[in-house]
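A look at the structure
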Amino acid sequence: MRDGEPNQAVLASPSSPTDVTERTLMGNFVVLEVAPRVFVHYGHLQPGSVQVKVGDRVRRGAVLGRLGQSGNANAPHLHFLVSNSAAFEESEGLPFVFRAFDYLGSAKIHQVLNQAEQVPIGPRFQKSSRQQLPLDGSVVTFK
């Protein structure tokens with residue numbers, strides 16, 4: 001885990017890192033080992049928001065941190081990766097599925113970044129999608 005890196009300015013181009021590592025790319029992050037040689041990476045968290053520390057046992061549903069834009073990011077988002085190594089730069093991605101999620105609607109990135117207006121989300125709510133992948137622009141809550 002890492003915490004304390006500042007958020008980047010919204011829509012500003014971050015400088016290119018001189019070395020490509022989890023620390024330079026992901027900013028504040030948490031990596032969980034969920035099975036032997038299966039690691040889940042959560043990156044770009046808000047500074048000061050990480051709720052776990054190295055060695056903690058984490059239960060499903062626990063808050064790990066708050067979504068931010070630390071590291072090499074120019075908009076708030078979650079970098080989510082399932083891999084075979086705790087070190088991002090030495091890992092290979094692994095296939096995964098979400099147990100279930102509720103689809104709340106969709107929104108375009110420019111709508112989400114406009115803080116002066118409420119995000120118009122549509123179409124309407126669909127409960128508990130299973131065996132599906134949320135598409136780009138989907139607004140979902142995970143189960």
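A quick note: this is a predicted structure, and the numbers were derived from the prediction, not measured.

1. Here's the deal with the nonpolar core
Membership of the largest hydrophobic core is limited to 9 residues, which are Val 30, Leu 32, Val 40, Tyr 42, Leu 45, Val 50, Val 52, Leu 64 and Val 82. Going through the elements one at a time, strand E1 (28-35) and strand E2 (38-45) are the ones with two or more residues in this core. No other element matches E2, which puts 3 residues into this core. Look past the residues within four positions of Val 30 in its chain and what remains in contact with it is Met 1, Val 40, His 41, Tyr 42, Leu 45, Val 50, Val 52 and Leu 64.

2. Describing unusual backbone geometry
Backbone geometry places Arg 37, a non-glycine residue, at a positive phi of 60°. Position of Arg 37 relative to the elements: it lies in the loop between E1 and E2. We note that His 44 has phi near 75°; this positive angle belongs to a residue other than glycine. In this structure, His 44 sits in strand E2.

3. A closer look at the sheet that holds E1
The sheet built from 3 strands is open, its strands ordered E1-E2-E3 with antiparallel pairing. The open sheet has two free edges, formed respectively by E1 and strand E3 (79-83), since each of these has just one partner strand. When the angles between neighbouring strand axes are averaged without regard to direction, this sheet yields 15°. Relative to E3, E2 is paired through 5 bridges, and the arrangement is antiparallel. Its bridge partner being in E3, Tyr 42 is matched across the sheet by Phe 80.

4. Some words on the environment of Asp 102
Following the sequence through the fold, Asp 102 ends up in strand E4 (residues 101-106). With 32 residues separating them along the chain, Asp 102 and Pro 134 place their C-alpha atoms 9.7 Å apart.

5. Quick look at the packing of aromatic side chains
The full count for this structure, using the stated rule, is 2 aromatic pairs. Centre to centre, the rings of Tyr 42 and Phe 80 are 5.5 Å apart; their planes meet at 70°, and the pair counts as edge-to-face. With Tyr 42 in strand E2 and Phe 80 in strand E3, the pair connects residues that are 38 residues apart, well separated along the chain. The exposure class of Phe 80 is partly exposed, given its relative accessible area of 29%.

What counts as what
- Residues numbered from 1 in each chain as written.
- Predicted model: local features only at pLDDT ≥ 70, side-chain atom pairs only at ≥ 80, totals over all residues.
- Heavy atoms only, no water.
- Core = buried A, V, L, I, M, F, W, Y, C linked by side-chain atoms within 4.5 Å.
- Buried < 20%, exposed > 50% of the residue type's maximum accessible area, 1.4 Å probe, protein only.
- Helix = DSSP H or I, 4+ residues; strand = E, 2+ residues; numbered from the N terminus.
- Contact = heavy atoms within 4.5 Å.
- Pairing = 2+ DSSP bridges.
- Axes fitted to C-alpha atoms, helices over the stretch in contact; angles between N-to-C directions.
- Phe/Tyr/Trp six-rings, centres within 6.5 Å; stacked < 30°, edge-to-face > 60°.

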